[in-house]
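# A structural walkthrough
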Amino acid sequence: MATKTPADPATTNGAVSRVEHAPASWGLGDGAAVPWEYAPAPESRDIVTIKERYGLFIGGKDVAASDGQTFATVNPATEEPLAEVARATPADMDRAVRAARSAFRRTWSRLSGKERAKYLFRIARILQERSREFAVLESMDSGKPIKESRDVDVPLAAAHFWYYAGWADKLDYAFPGRIARPLGVAAQVIPWNFPLLMLAWKIAPALAAGNTVVLKPASTTPLSALLFADVCRQADLPPGVVNIVPGPGEVGMALISHPGVDKVAFTGSTEIGRKIFQGVAGSDKALTLELGGKAANIVFDDAPLDQAVEGIVNGIYFNQGEVCCAGSRLLAQESIVDPLIEKLKDRLSTIRVGDPLDKNTDVGAINSRAQLEKITELVAAGRAEGAEMYQPACDLPDRGYFFRPTLFTNVAQSHRIAREEIFGPVLSVLTFRTPEEAVEKANNTPYGLSAGIWTDKGSRILHMVKRMKAGVVWANTFNRFDPTSPFGGYKESGFGREGGMHGLHAYVRLEDR
């Protein structure tokens, strides 16, 4: 929906009058500008065909759940059911692991790296050819704006398959002096915030290294993973190399604890990560965890403020703030906090909240009612604890799970909104005086996934990076990803890396020559 303008334009003899107190972002000198509205630009839903019912993808075939049960996946922007999806059981997980083990022994581990690369290249090409289809489906199933799924999620997913296809026949170069052997069957559990991208992050390196996969997508966003099953068929991937089994959390634990699994990879909440860690303890399974975060975005007094504002907005309002590495804590140097907040509020007035399939939309729908309730509860706690809340004036759709972009000032480090991962479009502002204080406040969290630094001084960037306890630190940017660059965290944000050459380490066993 369009953001409300401060005043309605008046017309005289067909001319549009100027609005005297328009936001500076309208950009015509001294705050005066001619207001205008976006026309709706909806992407066509006809680009993708959503089946009424989906089965499990096991051994290269669509099969029903062993007990015949299904669950509905819902469009969070309309609250309308999209499809019925087979609900896997522990017996189905056993069937999927057996299919993956058979494919590993009979075909995939016996192929040369060059042959495996051909399949990965083929998958990457198909993702690019069907990119519009995947983008529309991803937005309908998850609620994210189409311009994000179209310009970020799908291209990055394809890029990961391109990248790891290049490594498939070069493992000897990746680990000089060592022999890289595949682990076997990889159990992969992915979250609902980036369904297709998280699938690519995990499946691409696993296949490149010679492993087979059983993947469980999140229950609220299974459709892009099930469409990827069609890509596997189109690419003539040997049956059983990739298996996709949607279901509730308990069957995910059944998959992780299955004795036929050699490797476990999980992206999700820290709470579930702890349970998985406990479930794997005592076994010889390899494990990587990419968990929650409470990233600090640090702005110094010499930073270019307009550039920093764009980075702050991208850091927290991208994907409705449903990002594990979201810059949910803004640490601003005291001398520039007032002009920074003024610019930030002005920028928030231009953010468009509404239909995810409208190409003008900046902030789409929250993924589920449960997540919306969590965000609402934490925002209420922020107000109760004394923080000052600002939300831009904007109309929200009558249906769907939507939340206004929110900015909190006068936040203390003891506030829940400064400590807990909200996973929504909510930014908390704190202040600092010296670099040392900034480091102390930024590191004062059990998480350690990401951080951002904004300053004109390269020496200050290097000084800060050495002291930040975060797996990824962006300098004068935020939320930038590349398949060649490793990503992962420390402390309660997990361990292990995904992406880059480091992402291969998690899927191989190294032996001496």
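Just above, that's the structure.
Along each chain, numbering runs from 1 in the same order as the chain's sequence is written. Thresholds applied to this predicted model are a pLDDT of at least 70 for local features of residues and 80 or more for the giving and counting of side-chain atom pairs; totals over whole chains, interfaces and linings are not thresholded and use all residues. Note that water and hydrogens are dropped before the side-chain values are worked out from all heavy atoms of the structure.

### Describing the layout of surface pockets
Here the term cavity refers to a set of points on a 1 Å grid, laid over the protein atoms alone, in which a 1.4 Å probe fits but cannot get out; the term pocket refers to an open set having protein on both sides within 12 Å along at least five of seven lines, with lining residues being those that place an atom within 4 Å of a point. Grid points are joined across faces, edges and corners, and a volume is the space filled by probe spheres set on the points. One number sums up the size of the largest pocket: a volume of about 910 Å³. Counting residues per element, the ones that place at least two in the lining of the largest pocket are α8 (249-256), β12 (263-267), α9 (270-280) and α12 (369-384). Under the scheme used here, helices are H or I runs from DSSP no shorter than 4 residues and strands are E runs no shorter than 2 residues, and both carry numbers assigned from the N terminus. Looking at the lining of the largest pocket element by element, the count peaks at six residues for α9. Put simply, the second largest pocket is a space of about 400 Å³. Together, 17 residues line the second largest pocket, and Lys-147, Glu-148, Val-152, Asn-314 and Phe-318 are the ones closest to its centre. Counting only elements with at least two residues in the lining of the second largest pocket, the list comes to α4 (146-167) and α10 (305-317). No other element matches the five residues that α4 contributes to the lining of the second largest pocket. Put simply, Ala, Val, Leu, Ile, Met, Phe, Trp, Tyr, Cys and Pro go in the nonpolar bin, Asp, Glu, Lys and Arg in the charged bin, and everything else, Gly too, in the polar bin. For the lining of the second largest pocket, the residue count by class is eight nonpolar, two polar and seven charged.

### A look at the packing of helix α1 (residues 90-106) against α8
Running from N to C, α1 and α8 point in directions that differ by 40°, and their axes come no closer than 9 Å. Of the possible angle classes, the one that applies to α1 and α8 is oblique. You can see that α1 and α8 cross each other, and the crossing is right-handed. Where α1 approaches α8, its residues Pro-90, Met-93 and Val-97 are matched on the opposing element by Val-251, Ala-254 and Leu-255. Along the lines of polarity and charge, the residues of the contact of α1 with α8 split into six nonpolar, no polar and no charged. For helices, the fitted axis covers only the stretch in contact; all axes are lines through C-alpha atoms, and the angles between them, taken along N-to-C directions, range from 0 to 180 degrees. Each angle gets one of four labels, with under 35 degrees taken as roughly parallel, over 145 as roughly antiparallel, 65 to 115 as roughly perpendicular, and the rest as oblique. In a left-handed crossing the near helix is turned counterclockwise from the far helix by less than a right angle, and in a right-handed crossing that turn is clockwise. We call two residues in contact whenever any of their non-hydrogen atoms come within 4.5 Å of each other.

### Structural notes on the sheet that holds strand β18 (residues 426-432)
Two strands are counted as paired when DSSP detects at least two bridges linking them. Strand order in this open sheet of seven strands is β16-β17-β18-β15-β14-β20-β21, and the pairing throughout is mixed. Strands with a single pairing partner mark the edges of an open sheet, and in this sheet they are β16 (388-390) and β21 (472-475). Strand-to-strand twist of the sheet, defined as the mean angle between neighbouring strand axes without regard to direction, takes the value 20°.

### Overview of the sheet that holds strand β6 (residues 70-75)
The three strands are arranged β3-β7-β6 in an open sheet whose pairing can be described as mixed. Only two strands of the sheet have a single partner each, and these edge strands are β3 (53-54) and β6. Sheet topology note: the β6/strand β7 (residues 80-86) ladder contains six bridges and is antiparallel. Residue pairing for β7: Asn-75 is matched across the bridge by Glu-80.

### Digging into helix α7 (residues 223-234)
For a helix, the expected span equals 1.5 Å multiplied by the number of residues minus one. The terminal C-alpha atoms of α7, which comprises twelve residues, lie 17 Å apart, in line with the 16 Å expected from a rise of 1.5 Å per residue. Buried, partly exposed and exposed residues are distinguished by accessible area as a fraction of the type maximum, computed with a 1.4 Å probe on protein chains only: under 20%, between the cut-offs, and over 50%, respectively. Among the twelve residues that make up α7, nine are buried, leaving the element largely enclosed by the rest of the structure. All buried positions along α7 are accounted for by Leu-223, Ser-224, Ala-225, Leu-226, Leu-227, Phe-228, Ala-229, Val-231 and Cys-232. Just beyond α7, the residue with positive phi is Asp-236, at close to 60°.

### Comments concerning the packing of aromatic side chains
By convention here, two paired aromatic rings are described through the distance between centres and the angle between planes. Pairs were defined over the aromatic rings of Phe, Tyr and Trp, the Trp ring being its six-membered one, requiring ring centres within 6.5 Å. Orientation was assigned from the angle between planes: stacked under 30 degrees, edge-to-face over 60, tilted for the rest. Using the criterion set out here, one finds 13 aromatic pairs in the structure. Ring centres 6.0 Å apart and planes at 25° place the aromatic pair Phe-194 and Phe-318 in the stacked group. Of this pair, Phe-194 sits in the loop between β9 (185-189) and α6 (195-208) while Phe-318 sits in the loop between α10 and β15 (329-333); the two residues are 124 residues apart in sequence, bridging distant segments of the chain. When sorted by exposure, Phe-194 lands in the same class as Phe-318, which is buried.

### Details of unusual backbone geometry
For Glu-79, which is not glycine, the phi torsion reads 65° and is therefore positive. With respect to the helices and strands, Glu-79 occurs in the loop between β6 and β7. On the basis of relative accessibility, which here comes to 26%, the residue Glu-79 falls in the partly exposed class. Its identity as a non-glycine residue notwithstanding, Asn-479 has a phi of 55°, on the positive side. Tracing the backbone through its elements, the reader meets Asn-479 in the loop between β21 and β22 (490-491).

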